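Observations on the three-dimensional arrangement
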Amino acid sequence: MSDQPREYDAVLGGGNQPPIYGAVLGGIEGVKRRLANPDVKVQIAGLYQALNYGDAGFDLIIKALRYSSERVQVAAYKLLRDIPSAKVKQIIKEFNAYQFFECLHTITIEHHPAAIAIHPDGETLVCAAVGNSSDEGIGGVDLHFTKWNLLTGKKINSVCRNSKNLIQDVVVCHAISPDAKTLAIGNNIQEDKSNKIEIWNIETAQLSQVINHKSIWRLGKNKKIKKFEITTFTFNKNGNILAVASKTGNIIIWDLEKRKNIYTISASASAIKSLAISKNGNNLISGSADGVIKIWDLNNGKELSQIKAHDESITSIAISPDGNTLISSDENLPKHIKVWDVADSKLIRDTIPSMYGNTQFIANSLNQKIMVSCGNETCIWDLNKRLLIATLKDRNRKVYTSSATISPDEKTIATIFHKQIKIWGLP
């Protein structure tokens, strides 16, 4: 390839600088001169000019990706990710772009608690929030189903529905299925045994079924009803199975299509604090207040293995989509996040992300690349390397979040805390 000027190169004359995004004298040598300029805007202009010189230009952009300032690195990354070259694709695959993630949009909602999910279309953020009923005569709570455009942060629509079965102050759990089509929301009211879990169709904003206390409470050996205080629940990938855990250490597996309890697991003598289901739907993982993680066969409820993971109560667990890696957190001081190999129950990594605040939630991507742990710090984990690769910051400050959701292409993350949703991505 010739390094001589091409038809799109201009002859530089006089003492003035050429326009930032204009052509430059000297072919590839002129591009190098721009990339060596101390002005960041001139360097970025040089990156765009380098695209005209094929592999030689790509090599310059790759060099900028590795050794330049953050702004130039981001620009280089954005240019390289659209180049079909096999060499470039491999470099993009290995590069950690999450270190550059910043808050693109901040959305304030009116009600809390709320659950969020990114729709599989990768373009829509879905939120279900709980508020006191706007009509005191009706009672119950209002559920607010809202959608936003993930790219622009603009609201698409919002629908409000009333539930007479729920009371805002005792809503203990809420979760949206991975396909963003179903909301499960649960109450704990012990005095009149009126624990209930409502299942809502988010697309139609209609109540589809109610799982009441007759289904989720159980009889003890003396034939007396035993309390089933809900602590957490989770969906499988397809959104047709709901696993519900309790303070008494039991787990109910509910088939939403058949509308019945398939089986109940006596999982622990301690409260179950967190649940996760593998992407393939074969394994259920439970984390309990005694620090033990157990892995179950979701098809029949049989225990497959267990790990004495923490000295204190587990606050959150997640499993990678391939089922090979577990991440768990506890409420001990200092706070630990541990990474486990599922096959041999081996501890791979033990990190101390913060002295304060529990890791409340761990979200995993639908693919094989990342997890996000939420709490006093919001951290991104590389599942292949099983390493912490970034910590989200807004105006250089660490961000507290209670839950997160990851887009299918893993290029966007949405987090929530109280009444504020933040959308994160490359600037």
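Residues numbered from 1 in each chain as written. Predicted model: local features only at pLDDT ≥ 70, side-chain atom pairs only at ≥ 80, totals over all residues. Heavy atoms only, no water.

1. Examining the overall build of the protein chain
For the record, the criterion: Secondary structure elements are defined from DSSP: runs of H or I of at least 4 residues count as helices, runs of E of at least 2 residues count as strands, and each element is numbered from the N terminus. By definition in these notes, contact holds between two residues if any of their heavy atoms fall within 4.5 Å. Methods summary: accessible areas were calculated by the Shrake-Rupley approach with a probe of 1.4 Å, and residue burial reflects only the protein chains presented.
The helix and strand tally for the protein chain stands at six helices and 32 strands. When contacts within the protein chain are restricted to residue pairs at least 6 apart in sequence, those whose partners lie at least 24 apart make up 43%. Carbon and sulfur atoms make up 47% of the accessible area of the protein chain, which amounts to about 20300 Å² in all.

2. Things to note about the sheet that holds strand β32 (residues 420-425)
We apply this condition: Pairing between strands is defined by DSSP: at least two bridges between the two strands are required. Every angle, taken between N-to-C directions, lies between 0 and 180 degrees, and every axis is a line fitted to C-alpha atoms, over only the stretch in contact when it is a helix.
Within the open sheet, the four strands sit side by side as β1-β32-β31-β30. Their pairing is antiparallel. Sheet topology places β1 (102-108) and β30 (403-406) at the edges, where each strand pairs with a single neighbour. Strand-to-strand twist across the sheet, computed as the mean angle between neighbouring axes with direction ignored, equals 20 degrees. Relative to strand β31 (residues 413-417), β30 is paired through four bridges, and the arrangement is antiparallel. The residue bridging Ile406 from the neighbouring strand is Ile413, located in β31.

3. What about the pairing of strand β8 (residues 196-201)?
Put simply, the rule reads: Type-normalised accessible area, obtained with a 1.4 Å probe on protein chains alone, sets the label of each residue: buried when under 20%, exposed when over 50%, and partly exposed for intermediate values.
Most of β8 is tucked away, with five of its six residues classed as buried. Summarising the sheet, strand β7 (residues 182-187) and β8 pair through six bridges and their orientation is antiparallel. Within β8, the residue paired with Leu183 across the bridge is Trp200. Relative to strand β9 (residues 206-211), β8 is paired through five bridges, and the arrangement is antiparallel. Each bridged residue has a counterpart across the sheet, and for Trp200 the counterpart in β9 is Leu207. Between β8 and the antiparallel strand that follows it, β9, lie four residues; Ala205 among them carries a positive phi value of about 55 degrees.

4. Brief notes about the state of the cysteines
Keep this limit in mind: Only a pair of cysteine sulfur atoms within 2.5 Å qualifies as a disulfide here.
Under the defined criterion, the tally for this structure stands at zero disulfides. Of the cysteine sulfurs around Cys379, a residue in no disulfide, the closest is that of Cys374, at 9.1 Å.

Note that all results are geometric; they support no functional claim without further evidence.
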